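Residue-level listing of the chains:
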Amino acid sequence: MIRNEVESVVVVTGVSMVGVMVDIDGVKGFIDQKKHPSWWSLDVAPARVGDVLRVVVLDDSRTPPRLSALQSGIDIARRIRGEGD
């Protein structure tokens, strides 16, 4: 289910200069370029169509829902859900 702070595994379906479109449980989602690890590290390859990513839902009220593939975002969501340190 697509709800804020829920983790999911997604597949990249499109790449643009501002971010990537993904399939999240049969729904289109969007990852802003700043929410993909490649934005922050030269050691991480940019997203490509077909990539599989673990993400967390940041904003389920937007169309498409906004997601983050950053570990820091996933960690924050886990703490909010009471699953983190």
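Let me sum up the structure you'll find in this document.

Cut-offs used in this document
Residues numbered from 1 in each chain as written. Predicted model: local features only at pLDDT ≥ 70, side-chain atom pairs only at ≥ 80, totals over all residues. Heavy atoms only, no water. Buried < 20%, exposed > 50% of the residue type's maximum accessible area, 1.4 Å probe, protein only. Helix = DSSP H or I, 4+ residues; strand = E, 2+ residues; numbered from the N terminus. Arc of directions from axis to C-beta. Contact = heavy atoms within 4.5 Å. Patch = residues over 30% accessible without salt bridge, like charges linked within 9 Å, V, L, I, M, F, W, Y side chains within 5 Å. Areas by Shrake-Rupley, 256 points an atom, 1.4 Å probe, with all protein chains shown as cover. Salt bridge = Lys/Arg side-chain N within 4 Å of Asp/Glu carboxyl O.

**Topic: helix 1 (residues 71-80)**
Next up, step 1: Turning to helix 1, its buried residues are Gly73, Ile74 and Ala77. Looking straight down helix 1, one finds its buried side chains confined to an arc of 100 degrees; they lie on one side.
Next up, step 2: Buried residues along helix 1 sit against strand 1 (7-15), strand 4 (52-59) and strand 5 (66-68).
Next up, step 3: Just downstream of helix 1, Gly82 is the residue with a positive phi angle, here 80 degrees.

**Quick word on unusual backbone geometry**
Next up, step 1: Residue Pro64 follows Thr63 across a cis peptide bond; omega there is 0 degrees.
Next up, step 2: We note that Glu5 has phi near 70 degrees; this positive angle belongs to a residue other than glycine.
Next up, step 3: With respect to the helices, strands and loops of the structure, Glu5 is situated in the segment before strand 1.
Next up, step 4: In this structure Glu5 comes out as partly exposed when scored by relative accessible area, which is 25%.
Next up, step 5: Located in the positive-phi region is Asp25, a residue other than glycine, with phi close to 55 degrees.
Next up, step 6: On the secondary structure map, Asp25 appears in the loop between strand 2 (19-24) and strand 3 (27-32).
Next up, step 7: On the basis of relative accessible area, Asp25 is assigned to the exposed category, the value being 52%.

**Considering a nonpolar patch on the surface**
Next up, step 1: Judged by side-chain polarity, Val9, Val11 and Val52 come together as a nonpolar surface patch covering roughly 240 Å² of accessible area.
Next up, step 2: Position of Val52 among the secondary structure elements: in strand 4.

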